[in-house]
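In case you want the letters, here they are:
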Amino acid sequence: MTSKKSKKETGASSIWGGRFAGGPSALMEKINASIAFDHRMFAEDIAGSKAHCAMLARQGIISKEDGKAILGGLDSVLREIEAGTFDFKASLEDIHMNVEARLAELIGEAAGRLHTARSRNDQVATDVKLWVRGALDGLDEGLKTLQAVLIDRAAAHAGDIMPGFTHLQSAQPVTLGHHLLAYVEMLGRDRSRIRDCRARLNTSPLGAAALAGTSFPIDREMTAGALGFDAPTANSLDAVSDRDFALEFLSLAAILSVHLSRMAEETVMWCSDQFGFMRLTDDFSTGSSIMPQKRNPDAAELVRAKAGRVFGALNTLLTVMKGLPLAYGKDLQEDKEPLFDAADTLFVCIAAMTGMYEGATFDLVRMKADAARGFSTATDLADWLVRAKGLPFRQAHHVTGALVKLAETKGCGLEDLSLEEMQSVESAINKDVYNVLGVENSVKSRVSFGGTAPDNVRKAAKEAAKRFLK
Ligand code: ARG
């Protein structure tokens, strides 16, 4: 009796329910269904299906008519999803089965031929790769825009002096432009990691089928080419179980979020009253509900914090993948949420940093005054003693230390010591010493390649624009 019941009556899945008498329990559906998040891969899923269908028709595995009907139907499904009229069903588990079931409603029997010579295993691997590839391209674009803003501001501030820090103590004067270009280099390395990841990712799993390949005469080169992949993957077992590209994406995402958090932390500090270097525009500042005077850099604080989510995503997927036997395991469904969350997080962080740095203003007077504090030109004095007076560097270092101590007891800067006072420490010193003591002289002298001299920075900004913005 039961065996005569239709699948509908038993509640078994219409897609894989052939051998099932009953449908999944509500709890099974809850833990199993991924449609709540993998619906985001609808465009990739449909693109993959269209490539597969065109190949099946060309190879004569399905008829030309069926091929045409499927392609047309997939376009309709795509339009429905884009228009927001598509009814996603958890009972259909995931994006792959939701699309296929709707296709069957739209075009009837021919829809059942689309899944010839493929499996959801190669299908999902293809979809995730396409999605990650799109995310990589989007992140690269976002980083390029952020670099453009930083380069622009660096060129404008090539000659504006600020303190350079080591140990967050004033170390030597640098220029603001030089400081901003340091971030441009950091982000440039992130972009080169994005390129590496993209190049290694770009092989097509489609046609690996469930795990072993297929007996149908498919053309994997054709589907790979249609989807913008360089080649099909070489081993079907590896193809359906590999998520290295996702791990690489999350690894580079983690490093990128480290960079953004460093930038964000400096933004928070620079906007404080204590530093007073930087002021964000109103649209990137928030007020306090109790303290009317406050301008808080919440966006920067959040960028600083959101690195934690991205690290979490990397950790999640590393842990999912660890010890997973070949080939596909449902564990792999857990790759998506960390990927989506890391990408979403980074997109908003990059955009926020871009917005903040586009409009921020700098207190150049304060930065310059601050650059002179903390005996920041002591190294210039020591270098001068070596260059002009022939002292060994170690001795020059010692002499300068004594002069710093003297200035410190007097409560003045090095340039405020009289010549007599200086000579009381080192008789070889003459009035030329004052030429190296101001912060302007200091930065101007740092002409070595990659150094902070304003002319260098002007050139470096131009060169960075050529390297990164073309
Ligand atoms: N939703 C699944 C995933 O994301 C699709 C693949 C399911 N494959 C299977 N054999 N059950 O991994």
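All residue numbers here refer to positions counted from 1 along the written sequence of the relevant chain. At least 70 in pLDDT is required for a residue's local features to be given in this predicted model, at least 80 for side-chain atom pairs to be given and counted, and no such filter applies to totals for whole chains, interfaces and linings, which use all residues. With hydrogens and water excluded, all non-hydrogen atoms of the structure serve as input to the side-chain values.

## A word on the packing of helix α4 (residues 42-58) against helix α5 (residues 64-83)
Next up, step 1: Their axes nearest at 9 Å, the elements α4 and α5 cross at an angle of 170°. In terms of orientation, α4 lies roughly antiparallel with respect to α5. Between α4 and α5, the contacting residues are F42, A43, I46, S49, K50, C53, A57 and R58 on the first element and K64, G67, I70, L71, L74, D75, V77, L78, I81 and E82 on the second.
Next up, step 2: All amino acids are sorted into three groups, where Ala, Val, Leu, Ile, Met, Phe, Trp, Tyr, Cys and Pro are nonpolar, Asp, Glu, Lys and Arg are charged, and the leftover types, Gly among them, are polar. The residue makeup of the contact of α4 with α5, split by class, is 11 nonpolar, 2 polar and 5 charged. Lines are fitted to the C-alpha atoms to define the axes, a helix being fitted only along its stretch in contact, and any angle between axes, read from their N-to-C directions, falls within 0 to 180 degrees. Starting at the N terminus, helices and strands are each numbered in turn, a helix being any DSSP run of H or I of at least four residues and a strand any DSSP run of E of at least two. Angles are sorted into four bins: roughly parallel if under 35 degrees, roughly antiparallel if over 145, roughly perpendicular if 65 to 115, and oblique for all others. We call two residues contacting when some pair of their heavy atoms lies within 4.5 Å.

## Brief notes about the pairing of strand β1 (residues 161-166)
Next up, step 1: Across 6 bridges, β1 lies against strand β2 (residues 169-175) in antiparallel orientation. Directly across from I161, in β2, lies its bridge partner T175.
Next up, step 2: Here, any two strands with at least 2 DSSP bridges between them count as paired. Adjacent in sequence and paired antiparallel, β1 and β2 are bridged by 2 residues, among which H167 carries a positive phi angle near 55°.

## Side note on the environment of P297
Next up, step 1: In this structure, P297 sits in the loop between β5 (278-279) and α12 (298-321).
Next up, step 2: Each residue's exposure class comes from its accessible area (1.4 Å probe, protein chains only) as a fraction of the maximum for that residue type: buried when under 20%, exposed when over 50%, partly exposed otherwise. Taking the relative accessible area as the measure of exposure, P297 reaches 11% and is therefore buried.
Next up, step 3: Between the alpha carbons of P297 and T267 there is a distance of 7.8 Å; along the sequence they are 30 residues apart.
Next up, step 4: In this structure, P297 is in contact with V268 and L280, ignoring residues within four places of it in sequence.

## What about the pattern of salt bridges?
Next up, step 1: Salt bridge, as used here, is a side-chain nitrogen of Lys or Arg placed within 4 Å of a carboxyl oxygen of Asp or Glu. Here the structure, examined in full by the defined rule, presents 26 salt bridges.
Next up, step 2: A salt bridge links D335 to K336, with the shortest nitrogen-to-oxygen separation between them at 2.9 Å.
Next up, step 3: For K410, the salt bridge is made with E421, and the minimal N-O distance between the two is 2.7 Å. Taken together, the positions of K410 in helix α16 (residues 393-410) and E421 in helix α17 (residues 419-425) put the pair 11 residues apart, joining distant regions of the chain.

## Points about unusual backbone geometry
Glycine aside, negative phi is the norm for most residues, and most peptide bonds take the trans geometry.
Next up, step 1: Cis geometry is found at the peptide bond from L326 to A327, where omega equals 0°.
Next up, step 2: Its location among the elements puts A327 in the loop between α12 and α13 (336-359).
Next up, step 3: The residue A117 is not glycine, and still its phi comes out positive at about 65°.
Next up, step 4: Note on placement: A117 falls in the loop between α6 (95-107) and α7 (120-156).
Next up, step 5: For A117, a relative accessible area of 8% corresponds to the buried category.
Next up, step 6: If you check the backbone angles, F375 has positive phi at about 50° while not being a glycine.
Next up, step 7: Position of F375 among the secondary structure elements: in the loop between α14 (364-371) and α15 (378-389).
Next up, step 8: A relative accessible area of 22% places F375 in the partly exposed class.

## Brief notes about helix α11 (residues 244-270)
Next up, step 1: One fewer than the residue count of a helix, multiplied by 1.5 Å, yields its expected span. Here α11 is 27 residues long and its end C-alpha atoms lie 39 Å apart, about the 39 Å a rise of 1.5 Å per residue gives.
Next up, step 2: Most of α11 is tucked away, with 20 of its 27 residues classed as buried.

## Here we look at the packing of aromatic side chains
Next up, step 1: A pair of Phe, Tyr and Trp rings is counted when the ring centres sit within 6.5 Å of each other, with Trp represented by its six-membered ring. The angle between the planes then sorts it: under 30 degrees is stacked, over 60 is edge-to-face, the rest tilted. Evaluation of the coordinates by the stated rule reveals 6 aromatic pairs.
Next up, step 2: Taking the centre distance of 6.4 Å and the plane angle of 80° together, the rings of W270 and F362 count as edge-to-face. Taken together, the residues W270 in helix α11 and F362 in strand β6 (residues 361-362) connect sequence positions 92 residues apart. With respect to burial, W270 and F362 carry one shared label: buried.

## Overview of the site of the ligand
Next up, step 1: Nearness of a residue to a molecule or strand requires only that one of the residue's heavy atoms be within 4 Å of it. The environment of the ligand is made up of S34, D38, D94, H96, R120, N121, V124, Y328, Q333 and K336.
Next up, step 2: Polar contact criterion, stated in full: a pair of N or O atoms within 3.5 Å, where within protein one must be able to donate a hydrogen and the other to accept it, and residues adjacent in sequence count only if both atoms are side-chain atoms. Between a nitrogen atom of the ligand and a side-chain N or O atom of S34, the distance comes to 3.3 Å.
Next up, step 3: Take K336: an N or O atom from its side chain is 2.6 Å from an oxygen atom of the ligand.
Next up, step 4: To be clear on the numbers: accessible area is Shrake-Rupley with a 1.4 Å probe, and residue cover counts the displayed protein chains and nothing else. Look at the ligand: alone it shows 350 Å² of surface, and the protein chains cover 85% of it.
Next up, step 5: Looking at the shell around the ligand element by element, the count peaks at 3 residues for α7.

## Things to note about the environment of R193
Next up, step 1: Relative to the helices and strands, R193 resides in helix α8 (residues 176-201).
Next up, step 2: Along the chain, R193 and K294 lie 101 residues apart, while their C-alpha atoms are 39 Å from each other.
Next up, step 3: Filtering out sequence-adjacent residues up to four positions away, R193 remains in contact with L252, I255 and H259.

Distances and angles like these do not, on their own, reveal function.
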